[in-house]
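# Notes for the structure review
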Amino acid sequence: MNKVVISGHCNGIGKAIASKLLSRYKVCGYDLLRGQDITNKDTFASFLDECFDANIIVLNAHTTKQHEELLAVYNAFKDEDKHCIIIGSLVTKLLHRETKIPATYVQEKLQIEKVFQKIFNRSSRLKISIVRPHFVKTELSKDFRDDNSDDLLPKEVADVVSYIIKSNRLISSIDLI
């Protein structure tokens, strides 16, 4: 059976992705809610070890080091036939709007974009895709705006991730509005 490793799989988008893929993949997740802080050097090393026999790696967990995690995954697996999918955000394109998004969140998502652009055009067997959802109804984002009635559902992001995997093509990026 194929294997997917997901960071941040216990709630929100990550939980929806894990649920969507569970019937076709062995799902291995790392989540702070389970005491697995992937910003910790040893835990991240364990996360990378888990990825060695995985086909798909989903970097979903919002951390202040997600861009470093992406770079580490790229460096570890650039010569492997794997697919890394990053959950980014359209928030970087919405800076002009009135929101309550923490500056650290915006800065990290900007860093992810920079690293993604830097490594995407390099020759590599590792496929890299980024999914940039607009606001999604999750615990993390519930206080970002006063009216979240038109926010995406985590399941909708999971459907896009599943589509990218099933297509077996290199889809560089998908923006969800």
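In this text, all values refer to a predicted model and were calculated from it rather than measured experimentally. (Residues numbered from 1 in each chain as written. Predicted model: local features only at pLDDT ≥ 70, side-chain atom pairs only at ≥ 80, totals over all residues. Heavy atoms only, no water.)

### Let's talk about the overall build of the protein chain
Quick reminder of the rule: Labels follow the DSSP assignment, with helices taken as runs of H or I lasting at least four residues and strands as runs of E lasting at least two, numbered in each case from the N terminus. Here's how the labels work: a residue is buried when its accessible area is under 20% of the maximum for its type, exposed when over 50%, partly exposed in between, all with a 1.4 Å probe on protein chains only. In what follows, residue pairs with any heavy atoms lying within 4.5 Å of each other are defined as contacts. Where accessible areas are quoted, they stem from the Shrake-Rupley method and a 1.4 Å probe; at the residue level, only the protein chains shown are allowed to cover.
On a plain count of helices and strands, the protein chain comes out with five helices and six strands. Per-residue burial over the protein chain gives 51% buried out of 177 residues. Here the analysis covers contacts within the protein chain between residues at least 6 apart in sequence; of these, 66% occur between residues at least 24 apart. If you sum the accessible surface of the protein chain, you get close to 9,100 Å²; carbon and sulfur atoms cover 49% of it.

### Looking at the pattern of salt bridges
We apply this condition: Note on definitions: salt bridges are taken to be side-chain nitrogens of Lys or Arg within 4 Å of carboxyl oxygens of Asp or Glu.
Enumeration according to the criterion identifies seven salt bridges in this entry. Across the pair Asp 159 and Lys 20 runs a salt bridge, and its minimum N-O distance is 3.0 Å. A residue pair is termed long-range when its members are at least 10 positions apart, and Asp 159 in helix H5 (residues 154-167) and Lys 20 in helix H1 (residues 12-21) qualify at 139 residues. A relative accessible area of 26% places Asp 159 in the partly exposed class. A relative accessible area of 34% means that Lys 20 is categorised as partly exposed.

### Some points on the packing of helix H2 (residues 41-51) against helix H3 (residues 66-77)
How two helices pack is summed up by the angle between their axes together with the distance between the axes. Using the following cut-off: In this description, a line fitted to the C-alpha atoms serves as the axis of each element, helices being fitted only across the stretch in contact, and the angle between N-to-C directions of two axes falls anywhere from 0 to 180 degrees. In what follows, roughly perpendicular refers to angles from 65 to 115 degrees, roughly parallel to angles under 35, roughly antiparallel to angles over 145, and oblique to any angle outside these ranges. Should the near helix be turned anticlockwise from the far one by less than a right angle, the crossing is left-handed, and should it be turned clockwise, the crossing is right-handed. Polar here means any residue other than Ala, Val, Leu, Ile, Met, Phe, Trp, Tyr, Cys and Pro, which are nonpolar, and Asp, Glu, Lys and Arg, which are charged; Gly is therefore polar.
Here H2 crosses H3 at 40°, and the two axes come no closer than 11 Å. Taken together, the axes of H2 and H3 lie oblique to each other. As H2 runs across H3, the sense of the crossing is right-handed. Facing H2, whose interface residues are Phe 44, Leu 48 and Cys 51, H3 presents Glu 69, Ala 72, Val 73, Ala 76 and Phe 77. Here the residues of the contact of H2 with H3 are counted per class, giving seven nonpolar, no polar and one charged.

### Some thoughts on H1
Listed in full, the buried residues belonging to H1 are Ile 13, Gly 14, Ala 16, Ile 17, Ala 18 and Leu 21. Structurally, H1 contributes buried residues whose contacts are with strand S1 (2-7), strand S2 (25-30), strand S3 (56-59), strand S4 (83-87) and H5.

### Remarks on the side chain of Glu 108
Threshold: Only four residue types enter the tally: Lys and Arg on the positive side, Asp and Glu on the negative side, with His and both chain ends excluded.
Within the secondary structure layout, Glu 108 lies in helix H4 (residues 103-120). For Glu 108, which is buried and forms no salt bridge, the nearest opposite charge comes from Lys 109, at a distance of 7.3 Å. Discounting residues that sit within four places of it in the chain, Glu 108 has contacts with His 62, Thr 63, Thr 64, Lys 65, Gln 66 and His 67.

### Structural notes on the nonpolar core
Condition: Here, nonpolar core means buried Ala, Val, Leu, Ile, Met, Phe, Trp, Tyr and Cys residues that are tied together by side-chain atoms lying within 4.5 Å of each other.
Core analysis: the largest hydrophobic core is formed by 25 residues, its most contacted members being Phe 47, Leu 59, Leu 70, Val 73 and Ile 86. Elements with a contribution of two residues or more to this core: S2, H2, S3, H3, S4, H4 and strand S5 (127-133). Setting aside its immediate chain neighbours within four residues, Val 73 contacts Phe 44, Leu 48, Ile 57, Leu 59, Lys 78, Cys 84 and Leu 126. With 24 residues, the next largest nonpolar core counts Ile 85, Val 136, Val 160 and Val 161 among its residues.

### Considering the pairing of S3
Consecutive side chains of a regular strand alternate in pointing toward one face of the sheet and then the other. Quick note on the threshold: Any two strands are treated as partners once DSSP identifies two or more bridges connecting them. With the strands pointing away from the viewer, any crossover whose connection runs clockwise from the first strand over the helix to the second is right-handed.
Residue alternation in S3 divides its side chains into two sets, Ile 56 and Val 58 and Ile 57 and Leu 59, and both sets are buried. Across four bridges, S1 lies against S3 in parallel orientation. Looking at S3, one finds that Ile 6 is bridged to Val 58. Bridge count for S3 against S4 is four bridges, and the pairing is parallel. Looking across to S4, one finds that Leu 59 is bridged to Ile 86. Crossover S3 to S4 through H3 is right-handed.

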